[in-house]
Amino acid sequence: MSDTDGKKTLGLRGGPRSGNVKQSFSHGRTKNVVVETKRKRVVVPKPGAAGGGKPSGGMPGGGDPSKRPAGISDAELARRMKALAAAKAREADEAVQRAAEEKAREEERARRRAEIEAKEREEREREERAKAKAEEEKRREQEAAAAKTAAAQAKAAPAPAAGAPAQEQAPQRALPNKPLPPAAKKTDRDRDRNKGKARDDGRRSGKLTLNQALRGGEGGRQRSMAAMKRKQERARLKALGGGEPREKVMRDVQLPESIVVSELAIRMAERVADVVKALMQNGMMVTQNQSIDADTAELIIEEFGHTVVRVSDADVEDVIHSIEDKDEDLYPRPPVITVMGHVDHGKTSLLDAIRKTKVVSGEAGGITQHIGAYQVDVKGQLLTFLDTPGHAAFTSMRARGAQVTDIVVLVVAADDAVMPQTVEAINHAKAAGVPMIVAINKIDRPNADPTRVRTDLLQHEVVVEQMSGEVQDVEVSAINGTGLDELLECIALQAEILELTANPERAAQGAVIEAQLDVGRGPVATVLVQNGTLKQGDIFVVGEQWGKVRALVDDQGNRVKEAGPSVPVEVLGLNGTPEAGDVLNVVDAEAQAREIADYREQAAKDKRAAAGAATTLEQLMANAKADESVSELPVLVKADVQGSAEAIVQAMEKIGNDEVRVRVLHSGVGAITESDIGLAEASEAPVFGFNVRANAPARNAANQKGVEIRYYSVIYDLVDDVKAAASGLLSAEVRENFIGYAQIKEVFKVSNVGKVAGCLVTEGVARRSAGVRLLRDNVVIHEGTLKTLKRFKDEVAEVQSGQECGMAFENYDDIRAGDVIEIFEREEVERSLT
């Protein structure tokens, strides 16, 4: 049965041409396919349409319908002609572009060929000069040796005998065709063989070709490229007359408390194999990547003939020099102004009014939660502003802002006066020893009272000029722009008094204002350069991290090549996220930066280990006993920047009391990862993300393992939720409400029940479900519950005051007439952390 049985070929009427095509597939399979070749429809113009010329307008057949192909309208024809013209123009442009590119490629190829040929020609000339010099030296040595030998023979032999060989040799030189004796022939053949062998060895000093490497010479072990280069270098030195052995250089080797074998070899300028061999001869089987102690290294250094210089681990930071700048090297620098004050007093709005931007609208909750650095050009003078958060949780951020600043602008709302964070900002400014300018904001409000602000500041030893003091004060309005020029004049005047200078030519030094882990750019640190100039490509160390400046980004988002004093920039190229407040120092070499960072990291680990370790067994037992009665709420915190993470951790540590506390298992910068979810699952802790999100693997892991992830953008909400969660761990407070008293009149014995007290309810009400205490002579002798409460013979739920009833206690029978029964109810009240 063929492939076409029962199938009808499709096609147009008019008899298309058909045929069979054999298709081949894998594994030897084939298939016959019926193929049709359809004729292209050709539109033939009507008679008389070909005789006309071009119509007006530049398009054929554009005006007369009888002069164009049938079935085509004017618009369609115009569109087709326009597309045709555009295609032709595009083809022409592409052809010109291709020709230009081909010409450029040809020029580049020609330039590269010329460079390669020039390099090869120079190499050949150098080799020829070296070879000619070597041959000339060899010829001179041979001539000198021959002359010396001839002189010695002439002196040793008698005069008549000396003339005979000359007479015998003269015919031989005169008759070159005379055959030589067999001994002479053998000597010449040996000389030629040795000369050829020497020439072959010299040929090996050239470049190793691919054919030689693949052919492998005569099948023996071939020399490595390094050995050939060393041999070629020795030959070159010998040709230049420098073949004599060099005198060994004795070095002063700096020796820390422990050192890696390879690093020791580098410091001694010795081969690693020689150092390892010396160690093995001293009975230490180590490799080049292992560490040895200082005493062993000292023996090896002395064995190689070098001098030992013992250094401490802390000496690695000595490369960061504190250079005293000369007066002629100092130049004026822009002042650094930190804006501080209470939350929601208008710090960012005031800075927006100066910068003519809208930063405050982009902040979550309308409050600043990051430290921001900006540079403003005011009438040709640059001013660097630092905007600090005013929330109580950001104390460390405000302290950092005060430490790196020159002038503090204290913003106080005219309708709110001095508040707690205002007092804290005053204390930070006084501790840093920087001058202060008071900006009384929101004077456009109806209830604004600037005089009250000035009076309140007197209580904190801030005396403004209107109160006969020295602190400048300006009334401003960030909304209307009132008083902004006067504030800038005060800042410029204060900066002029301070005479701020710096040396831009020295190695850069700065302070990290903020640090974060960006998804696309990696660790990013906002650095305020304090001295020197930070340039792209500089190697630096900052805290426990180090890096090389890959890029510098200013406050406008533009990339810059360098940043001078008082310029805030974002630095890219760190190997990790530094802590906010760390100092950045530029060093000379990458090895120095890595060594300093490693030392600082190890020192920080040792400090944390020493702080967390219990010194004695008694302290360890006391801590364990104290922790038994304390409930812990473990949490994981991930934030967008280092400063926010630090502020959140500090706020978490303040939550709690003697019964419950919050323990931060881990805090970091960057997105929530799968490892964070694993740690949270092991500790049964929630994960809090502040302005960050979990990546896809972390979300899937959290769903599978049941780990709760919460996202926040305002620190208020995060702290309130953690407080509520910690309050849930508090045990409920039990309160007792007294509801009645009853006096026992008579005691009866009832079978199957025991003793039953006949009572009179003297006050309140007696309830079956309530708790009871038995008082005898006003002393509590029993506390429990009622087994039965009867009124006459009926079991009742409660008995009112003034009525008689029968009561029986649960598991207690020692009751007497005259005893008093106190009836109360317990109520559980939930507690919360304030």
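Details of the structure are given in the entry above.
Description of the structure in this document. Please read all numbers here as calculations on a predicted model, not as lab measurements.

## Some thoughts on the nonpolar core
One broad trend across soluble globular proteins is that nonpolar side chains are buried collectively. Within the largest apolar cluster, 24 residues are counted, with the highest numbers of intra-cluster contacts made by Leu350, Phe385, Leu487 and Ile491. Counting residues per element, the ones that place at least two in this core are β8 (336–341), α9 (347–355), β9 (372–378), β10 (381–387), β11 (407–413), β12 (436–441) and α13 (484–498). In terms of residues, this core owes the most to one element, α13, which gives 6 residues. Counting 21 residues, the second-largest nonpolar core is a separate cluster that includes Ala766, Leu789, Cys805 and Ile821.

## Let's talk about the sheet that holds strand β25 (residues 660–669)
Taken in spatial order, the 4 strands line up as β25-β24-β26-β27 in an open sheet, and their pairing is parallel. For this open sheet the edge positions go to β25 and β27 (709–712), each flanked by a neighbour on one side alone. Mean inter-strand twist for the sheet, computed between neighbouring axes without regard to direction, equals 25°. Here 4 bridges tie strand β24 (residues 631–639) to strand β26 (residues 687–690), and the two strands are oriented parallel to one another. Bridging from a neighbouring strand, valine 637 pairs with phenylalanine 688 of β26.

## Quick word on the pairing of β26
The alternating pattern of β26 places Val687 and Gly689 on one face and Phe688 and Phe690 on the opposite face, and all of these are buried. Relative to β27, β26 runs parallel, the two sharing 4 bridges. Paired with valine 687 across the bridge in β27 is isoleucine 709. In terms of handedness, the path from β26 via helix α18 (residues 696–705) over to β27 forms a crossover that is right-handed.

## Overview of the sheet that holds β11
Taken in spatial order, the 6 strands make up an open sheet running β9-β10-β8-β11-β12-β13, and their pairing is mixed. Strands at the two margins of the open sheet, each flanked by one partner only, are β9 and β13 (472–475). On average, each strand axis in the sheet is inclined to that of its neighbour by 25°, with strand direction left out of account. With 4 bridges joining them, β8 and β10 adopt parallel strand pairing. Each bridged residue has a counterpart across the sheet, and for valine 339 the counterpart in β10 is aspartate 387. Sheet strands touched by α9: β8, β9, β10, β11 and β12. Its angle to β10, the strand with the most contacts, is close to 160°.

So, how was this worked out
- Residues numbered from 1 in each chain as written.
- Predicted model: local features only at pLDDT ≥ 70, side-chain atom pairs only at ≥ 80, totals over all residues.
- Heavy atoms only, no water.
- Core = buried A, V, L, I, M, F, W, Y, C linked by side-chain atoms within 4.5 Å.
- Buried < 20%, exposed > 50% of the residue type's maximum accessible area, 1.4 Å probe, protein only.
- Helix = DSSP H or I, 4+ residues; strand = E, 2+ residues; numbered from the N terminus.
- Pairing = 2+ DSSP bridges.
- Axes fitted to C-alpha atoms, helices over the stretch in contact; angles between N-to-C directions.
- Right-handed = clockwise from strand over helix to strand, strands pointing away.
- Contact = heavy atoms within 4.5 Å.

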